[in-house]
Each structure stands twice: as C-alpha cells, then as structure tokens.
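Secondary and tertiary structure notes
Chain residues, written in single-letter form:
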Amino acid sequence: EMGRRIGLGSHILSAEGLPVLDVTKPLPKDLGEKYGPGILGADGFAQVYPEHKYLIVEALRQYGFICGMTGDGVNDSPALKRADIGIAVSGATDAARAAADIVLTEPGLSVIIEAILIARKVFNRIKSFMTYRIAATLQLLTFFFIAVFALDPSKYQPYEDVMFPNGTIAGRRYVDGLQWPDFFSIPVLMLMLITLLNDGTLLTIGYDNVLPSVRPQKWNLRALFLISTVLAAIACVSSLILLFGALDSYNTDGWFQRWGLPPIEYPKIVTMMYMKVSISDFLTLFSSRTVENYFWSSRPALVLIIGATIALTISSILASVWPDGDTSDVPTRGLAVTDSYSLWPLW
C-alpha cells in the first residue's frame with residue numbers, strides 16, 4: 001500500500017526465490033541471466049537480508065545496468081560497496097559512510113536527483129570540450145598538411161618574360177614584384193594567436209548551458225571522433241577552397257574574377273588564411289557544444305557568446321591591420337592595408 005501511495009508501484013516482492021550469497025566467495029557469473037528479468041520487473045523488495053540486497057545489486061549490474069544504492073545501516077554496507085554509486089543518507093552509520101561513494105549531509109533524497117542532473121551536465125560539457133578540441137586540432141593539422149604538399153603558390157603567380165634585344169629571355173618580371181614561395185605557410189606568431197584565442201574560447205565551455213541527458217551515458221569514443229572529424233572536415237575543405245581561389249585570383253577564368261573580385265597579393269593571402277582558420281575554429285565551437293544535436297537545440301551561455309565574440313573581434317582586427325612586412329620570414333600584409341581594395345575582411 002505504501003508503495004502505491006508514493007508512486008513506487010504495488011508489485012512488491014519478498015525474498016522468496018532469491019538465493020542467499022556468500023560475499024566471501026567468488027560471485028556466480030550468471031546472476032544477471034537468472035535473476036535480472038525478475039528483479040527488473042519488480043517495483044521493490046521487502047523483508048530482505050543484506051545478502052539479498054547484495055544479490056539484487058550484482059544481478060542488475062550483470063544485466064547491464066548502472067546500479068545505484070542508498071542505505072544507512074551496517075547491513076547496507078556490502079550492497080553500497082558493490083553498487084556503481086553507493087549513497088549513504090544523512091545519519092548513516094560509519095560503516096555505511098565508509099562503503100558509500102557519496103554521503104548526504106542533509107535529510108531527504110531529493111538532493112540525489114540534483115546531483116544526477118549536475119553530473120550529466122558535467123559529462124556533456126566534457127564531451128563538448130573533447131569534440132571541439134579534436135575538431136580544431138584536426139582542422140589545423142589537415143589543412144596545413146594538404147596546403148603544404150598540394151598547393152604550390154609559385155605555380156599560380158603571374159609573370160612576364162623579360163626579353164633581351166636579340167629576343168632571348170632574360171628573366172621574369174613578377175606582377176606584384178614579389179616571388180611567391182614554393183609552399184604555403186603562415187607565420188608562427190599567427191599560429192600562436194590561433195591557439196591562444198582557441199584556448200581562451202574553449203574555457204567558456206565549462207560555463208555553457210547544457211541539457212542533461214534523459215538516461216545515463218557512456219563514452220562512445222567512435223561516435224565522438226566521427227562527429228569531430230566531420231566538423232573538422234567541413235572547416236578544412238572550406239579553407240582549402242578559399243586558399244585555392246585566392247592563389248588563382250590572377251586567372252581571368254578563376255572564381256575571384258568571375259565574382260568581380262580583384263586579384264589579391266600573396267602577403268594578403270597569408271593574412272586571409274589566418275583569419276579564415278581562426279573564424280572556422282571559433283564558429284566550430286557552436287556546433288561542437290551540442291555534440292549529436294543541432295547547434296540551435298540549446299542556447300549558449302552568455303559567457304560563451306562573449307568569449308567567442310572577443311576572439312572573433314581580435315582575429316578580425318589583427319587580420320585587417322597586420323603590418324606590411326615579413327613575419328617569421330613569411331610576407332604578410334593586413335587585408336585592409338591597401339590603396340585600392342579594402343573590403344577583403346568582409347569577404
């Protein structure tokens with residue numbers, strides 16, 4: 001009757017049919033198979049001994065469940081110790097407290113629900129952290145690996161042959177007056193800025209709004225790595241497309257000139273790719289924070305929005321006004337530092 005009144009259910013069984021286990025001997029491996037379905041179908045058990053409590057916990061664990069146990073007395077200690085999460089309630093004996101994983105300091109069990117919700121939120125934040133970190137790292141490594149070996153800037157640079165009076169070729173005159181390198185790279189300082197701003201933005205995930213899962217979760221590293229790889233691939237492919245279009249901007253049949261954009265000098269291409277990689281990393285955060293759900297399924301916390309906005313603003317300003325010259329032996333120039341076209345940062 002009490003079980004029905006508190007919403008527990010009225011299917012309360014006694015200890016009949018449950019064997020008494022000797023906890024000092026090795027446990028049978030078929031407890032879950034033999035007793036799991038029957039225990040799972042019951043709403044509760046009454047008039048049980050400590051050995052029965054231990055059996056119920058072990059059978060549920062063998063049956064594939066994460067089992068929690070609450071108790072306050074010495075007779076609950078074996079089951080508290082065996083459970084995945086043993087909880088000693090307020091006023092429990094020293095033996096129960098020692099065997100438990102969590103000790104409640106105030107009367108009532110409602111705090112357990114709050115603790116479960118907090119733990120599930122923490123778990124989701126850790127997943128978001130790992131997803132973003134893996135995606136950002138894969139994007140950087142993959143982009144620079146492919147860009148270095150597949151896109152040779154010197155092959156895209158336009159030039160004019162300088163002729164001797166007798167008609168022989170004396171050399172080449174490069175259109176922008178600068179010979180482009182044989183492989184693409186960005187200065188170490190820019191890489192450090194990307195990493196620094198990424199880490200600063202990443203810290204805000206610890207204060208993000210998350211939705212607790214309905215059921216207990218386990219680590220699925222394959223799914224986590226797959227999601228991270230997809231996010232990284234999207235950012236990496238878009239960066240490679242932009243780099244190819246920028247290098248090919250002097251081609252009259254290229255994408256840039258088809259869209260009405262002027263050719264872009266190589267120092268600005270370097271700065272443009274710094275800005276693109278930075279923005280891709282920061283925006284990936286909003287997709288990785290919800291992991292398997294859509295990014296709009298959960299409203300981001302104000303601190304995360306502020307952190308991402310600051311990082312985006314700093315990267316955009318630096319890319320726009322970066323001084324003209326060589327940075328770590330790589331030619332660089334701000335996207336807005338020009339006498340002609342100054343709208344590159346918007347593109």
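Attention in this report is confined to the structure presented alongside it. Note that the structure is a prediction, hence the values are computed from the model and not measured. (Residues numbered from 1 in each chain as written. Predicted model: local features only at pLDDT ≥ 70, side-chain atom pairs only at ≥ 80, totals over all residues. Heavy atoms only, no water.)

1. With respect to the overall build of the chain
Secondary structure assignment for the chain yields 11 helices and 9 strands. When burial is assessed residue by residue, the chain has 38% of its 347 residues classed as buried. By element, 62% of the accessible surface of the chain is carried by carbon and sulfur atoms, the whole surface being about 19,900 Å². (Helix = DSSP H or I, 4+ residues; strand = E, 2+ residues; numbered from the N terminus. Buried < 20%, exposed > 50% of the residue type's maximum accessible area, 1.4 Å probe, protein only. Areas by Shrake-Rupley, 256 points an atom, 1.4 Å probe, with all protein chains shown as cover.)

2. What to know about the side chain of T332
With respect to the helices and strands, the residue T332 is situated in strand β9 (residues 330–332). Only 3.0 Å separates the side chain of T332 from the side chain of T327, close enough to count as a polar contact. Leave out the neighbours within four places in its chain, and T332 touches P187, M190, P267, V270, T271, W322, P323, D324, G325 and T327. (Polar contact = N/O pair within 3.5 Å; in protein donor to acceptor, adjacent residues only side chain to side chain. Contact = heavy atoms within 4.5 Å.)

3. Section: the packing of helix α7 (residues 188–202) against helix α11 (residues 302–321)
At a minimum axis separation of 9 Å, α7 and α11 run at an interaxial angle of 165 degrees. In terms of orientation, α7 lies roughly antiparallel with respect to α11. Once α7 is placed against α11, the crossing between them reads as right-handed. Every residue of α11 that contacts α7 at L193, L197 and T201 is listed here: G307, A308, A311, I314, S315 and L318. Residue composition of the contact of α7 with α11, grouped by class: 6 nonpolar, 3 polar and no charged. (Axes fitted to C-alpha atoms, helices over the stretch in contact; angles between N-to-C directions. Parallel < 35°, antiparallel > 145°, perpendicular 65-115°, else oblique. Left-handed = near helix turned anticlockwise from the far one by under 90°. Nonpolar A, V, L, I, M, F, W, Y, C, P; charged D, E, K, R; others polar.)

4. Section: helix α8 (residues 221–247)
Along its 27 residues, α8 runs 38 Å from first to last C-alpha, staying within 8% of the 39 Å computed at 1.5 Å per residue. Those residues of α8 that sit buried are L224, S228, L231, A232, A235, C236, S239, L240, L243, G245, A246 and L247. Elements that come into contact with the buried residues of α8 comprise α6 (110–150), α9 (255–258) and α10 (266–288). (Expected span 1.5 Å × (residues − 1).)

5. Digging into the pairing of strand β3 (residues 68–71)
Residues M69 and G71 point to one face of β3 and are all buried, whereas G68 and T70, pointing to the other face, are not buried. As defined by bridge partners, β3 adjoins strand β4 (residues 85–88) across 4 bridges and the pair is classed as parallel. Within the sheet, the bridge partner assigned to M69 lies in β4 and is G86. (Pairing = 2+ DSSP bridges.)

6. Some points on the packing of aromatic side chains
Applying the stated rule across the entire model yields 6 aromatic pairs. Ring geometry for F145 versus F149: centroids 5.1 Å apart, planes at 50 degrees, classification tilted. Highlighted residues: F145 and F149, both in helix α6, separated by 4 residues, approximately one helical turn. With respect to burial, F145 and F149 carry one shared label: exposed. What links up through ring pairs into an aromatic cluster is the set F143, F144 and F184. (Phe/Tyr/Trp six-rings, centres within 6.5 Å; stacked < 30°, edge-to-face > 60°.)

7. Some details on helix α3 (residues 50–62)
Taking 1.5 Å of rise per residue, 13 residues should cover 18 Å, and α3 covers 18 Å from first to last C-alpha, within 8% of that figure. Residues of α3 that are buried include every one of H52, K53, Y54, L55, I56, V57, E58, A59 and L60, and no others. Of the residues trailing α3, G64 is marked for its positive phi of about 105 degrees.

8. Quick look at the sheet that holds β4
Strand order across the open sheet formed by 3 strands is β3-β4-β5, with parallel pairing between neighbours. Each of the sheet's edge strands pairs with one partner strand only, and the pair in question is β3 and β5 (102–103).

9. Here we look at the nonpolar core
Grouped together as the largest cluster of nonpolar side chains are 30 residues, with contacts concentrated most on F143, F184, L243 and I269. When residues no more than four places from it in sequence are discounted, the contact partners of L243 are F143, A147, L151, F184, I269 and M273. (Core = buried A, V, L, I, M, F, W, Y, C linked by side-chain atoms within 4.5 Å.)

10. Some thoughts on unusual backbone geometry
Unlike most non-glycine residues, S328 shows phi in positive territory, near 55 degrees. Here D329, not a glycine, exhibits a phi torsion of approximately 65 degrees, which is positive. With respect to the secondary-structure elements, D329 resides in the loop between β8 (325–327) and β9. Accessibility expressed as a relative area gives 74% for D329, which makes it exposed.

11. Looking at the side chain of S278
Mapped onto the elements, S278 comes out in helix α10. Judged by its relative accessible area of 0%, S278 falls in the buried class. A distance of 2.8 Å separates a polar side-chain atom of S278 from the backbone oxygen of Y274. Look past the residues within four positions of S278 in its chain and what remains in contact with it is I194 and S315.

12. Re the environment of Q179
With respect to the helices, strands and loops of the structure, Q179 is situated in the loop between β7 (169–174) and α7. Judged by relative accessible area, which is 54%, Q179 ranks as exposed. In the structure, Q179 is positioned 21 residues away from P158 in sequence and 9.7 Å away in space, judged by C-alpha atoms.

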